[in-house]
Amino acid sequence: MASYATPEGVDIRGRYDEEFARVLTKEALQFVADLQREFRGRIKYALECRKEAQKRYNLGELPMFDPATKNIRDGDWVCAAVPPAVADRTVEITGPVERKMIINALNSGAKVFMADFEDALTPNWENLMRGQVNLRDAVNGSISYEDKVRKRMYKLNEKTAVLFVRPRGWHLPESHVFIDGEPATGCLVDFGLYFFHNQAKFRATQGAGFGPFFYLPKMEHSREAKIWNSVFERGEKVAGIEKGSIRGTVLIETLPAVFQMDEILYELRDHSVGLNCGRWDYIFSYVKTFQAHPDRLLPDRVLVGMGQHFMKSYSERLIYTCHHRGVHAMGGMAAQIPIRDDPAANEAALELVRKDKMREVRAGHDGTWAAHPGLIPAILQVFTSNMISKPNQINAVKREDGASINEEDLVQKPRGVRTLEGLRLNTRVGIQYLAAWLSGTGSVPLYNLMEDAATAEISRVQNWQWLKHGADLDGESVKVKVTLELFGRVVEEELVRIEKEVGPEKFKNGMYKEASKIFTRQCTAPVLDDFLTLDAYNHIVVHYPRSASRL
Ligand SMILES: CC(=O)SCCNC(=O)CCNC(=O)[C@H](O)C(C)(C)COP(=O)(O)OP(=O)(O)OC[C@H]1O[C@@H](n2cnc3c(N)ncnc32)[C@H](O)[C@@H]1OP(=O)(O)O
Ligand SMILES: O=CC(=O)O
Ligand SMILES: [Mg+2]
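Residues numbered from 1 in each chain as written. Chains lettered and ligands numbered in written order. Predicted model: local features only at pLDDT ≥ 70, side-chain atom pairs only at ≥ 80, totals over all residues. Heavy atoms only, no water.

Going by an unreviewed UniProt entry, the protein chain carries the name Malate synthase and comes from Dioscorea zingiberensis. The heading Catalytic activity (unreviewed entry) in the UniProt record of the protein chain holds the text "glyoxylate + acetyl-CoA + H2O = (S)-malate + CoA + H(+)". Word for word, the UniProt comment on the protein chain under Sequence similarities (unreviewed entry) is "Belongs to the malate synthase family." (UniProt positions renumbered as here; feature names shortened; annotations may be inferred.)

Printed below as a string of structure tokens:
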């Protein structure tokens, strides 16, 4: 049986495939193994620090600005100049590293495409390795895809979006790649393979001498940004390219990170191209951080938007920080997507997206995200007609008022009602998302909204929080408390509703029952699981020669 040629200490346990073998070369694996060996100690320490910080929040502490790094916040430094290739980031489309979607996204008219190994992707072996093959072909310009059923051929246009790649967060292991007897760190595999194969071509064709470009997710502290900075420096050294060639935009999508924005930019100051408001994970992180604070229960998920004081404060402080340091302040993702079969509903969804983007551009954001190509013309229109300067507003909108946004603003309790329908919707969405994720699809349309790992996390932790603290639900004629009994009934009833909605055939062949088990266990766990996908990951690991997964 054919197998991968691996360097000393590296063991590939995923399926062998000739195409994958062209990515998993001995030299590329050596690069990944070197990264793993050099940084594993620091990564473990950073993850331990997250746990320690959480213990303090559980004892009642609130996240805050660190007095020890006041000099960095007060300092008069700026990040390296923005590379010309990414000066204009008015609209960025995002999507999983799936072949057809990569082509569609690069051709979409967006300025940037963020190819996602993270929130939008199930990190199973096939998706990850095909994703690497697809990105290599995309950077080469040779990517194509044939839809045989629709008799349609996909290939790249003359002009395409600039590619950014988002590797997984620090917490996710890659259990198909063992290095010195331990699973590799997922993001080092994603970064390492992509960088090794594409860095030279990318700089020559897309980055005008700079790149590759990355989005860096889910960090909680500047020490994690410092590790990424060292990883970038290591990559530059191995490739023999100038320091500052590689660039990354950090997603501010955890509550602790909002108090570290200057420090994160400072650590990455030679390699930064800004920050982005990862609003969905941010909401998830608010619940996680305050998991032991019964006075900070979230209202229904649909009510936690950018209008909540803590969310508004976060985006404005981010704009102020980025512009102060000379880099882009990127907006986030509106969850609405086009609704094909209902023009009125479609227009209403588009209007919500326009409103969200209007708020962002007026606040001073330099660009924003689109979940779907159908939204790009409207978003582009809102941004280009309302920006004070082009191609970005870095120097035009300073938001000096952002300096006075304080710790209280950033953690202010969200307002709104909690309802039984909220509990039901969380459950219905959480189970359906997880069923899709287990089957290999990491972003799905549900009830006319985009759902991915970040939005599903909100459903999970909100249910957990309401159960843990016995939240009272509003709007019922008699007082209703969220209890295990009530939740058990809701899960049963929502499963029946899901079966009705998707049909018995799809329900039987899908992973709904398995998803319901995992989701229910996580919502009722005595101690909150750190991540939905960390536990669920064990269910998608398939070692070769084939061993049974846990399902
Ligand atoms: C919280 C966060 O992290 S946000 C970032 C992570 N999340 C994402 O990136 C989500 C990206 N978006 C998507 O995955 C999809 O748009 C979904 C799942 C929400 C909706 O998908 P679908 O229902 O399949 O979309 P729909 O059927 O309308 O697609 C129409 C066409 O647009 C394409 N398309 C849809 N979304 C995208 C996208 N984001 N990028 C590229 N192409 C896309 C489809 O491939 C399809 O192409 P085709 O006509 O050539 O076949
Ligand atoms: O990654 C983006 C988010 O909103 O989460
Ligand atoms: Mg996210």
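Here the narrative resumes, following the displayed structure.
1. Here we look at the site of ligand 2
Neighbouring residues of ligand 2: Asp119, Arg166, Leu251, Glu253, Gly278, Arg279, Trp280, Asp281, Trp369 and Ala454. Contacts to ligand 2 include Trp280, whose backbone N or O atom sits 2.8 Å from an oxygen atom. Between ligand 2 and Asp281 there is a distance of 2.9 Å, counted from an oxygen atom to a backbone nitrogen or oxygen. A per-element tally of the shell around ligand 2 places helix α10 (residues 279-289) first, with 3 residues. Partitioning the shell around ligand 2 into residue classes produces 4 nonpolar, 1 polar and 5 charged. (Near = heavy atom within 4 Å. Polar contact = N/O pair within 3.5 Å; in protein donor to acceptor, adjacent residues only side chain to side chain. Helix = DSSP H or I, 4+ residues; strand = E, 2+ residues; numbered from the N terminus. Nonpolar A, V, L, I, M, F, W, Y, C, P; charged D, E, K, R; others polar.)

2. Things to note about the UniProt feature "active site" (unreviewed entry) in the protein chain
As recorded in UniProt, the sites labelled "active site" (unreviewed entry) are Arg166 and Asp452. Despite a sequence span of 287 residues, these residues sit close together in the fold, their greatest C-alpha distance being 14.3 Å. As for its position among the elements, Arg166 is in strand β6 (residues 162-166). Excluding residues that lie within four positions of it along the chain, Arg166 makes contacts with Met114, Ala115, Asp116, Phe117, Glu118, Asp119, Tyr215, Pro217, Leu251, Glu253 and Trp369. At a separation of 2.7 Å, a polar atom in the side chain of Arg166 contacts the side chain of Asp116. Relative to the elements of secondary structure, Asp452 occurs in the loop between β15 (449-451) and α16 (453-468). The residues contacting Asp452, other than those within four sequence positions of it, are Asp119, Ala120, Tyr433, Gly442 and Ser443. Within the structure, the side chain of Asp452 is placed 3.0 Å from the backbone nitrogen of Ala454, a separation counted as a polar contact. (Contact = heavy atoms within 4.5 Å.)

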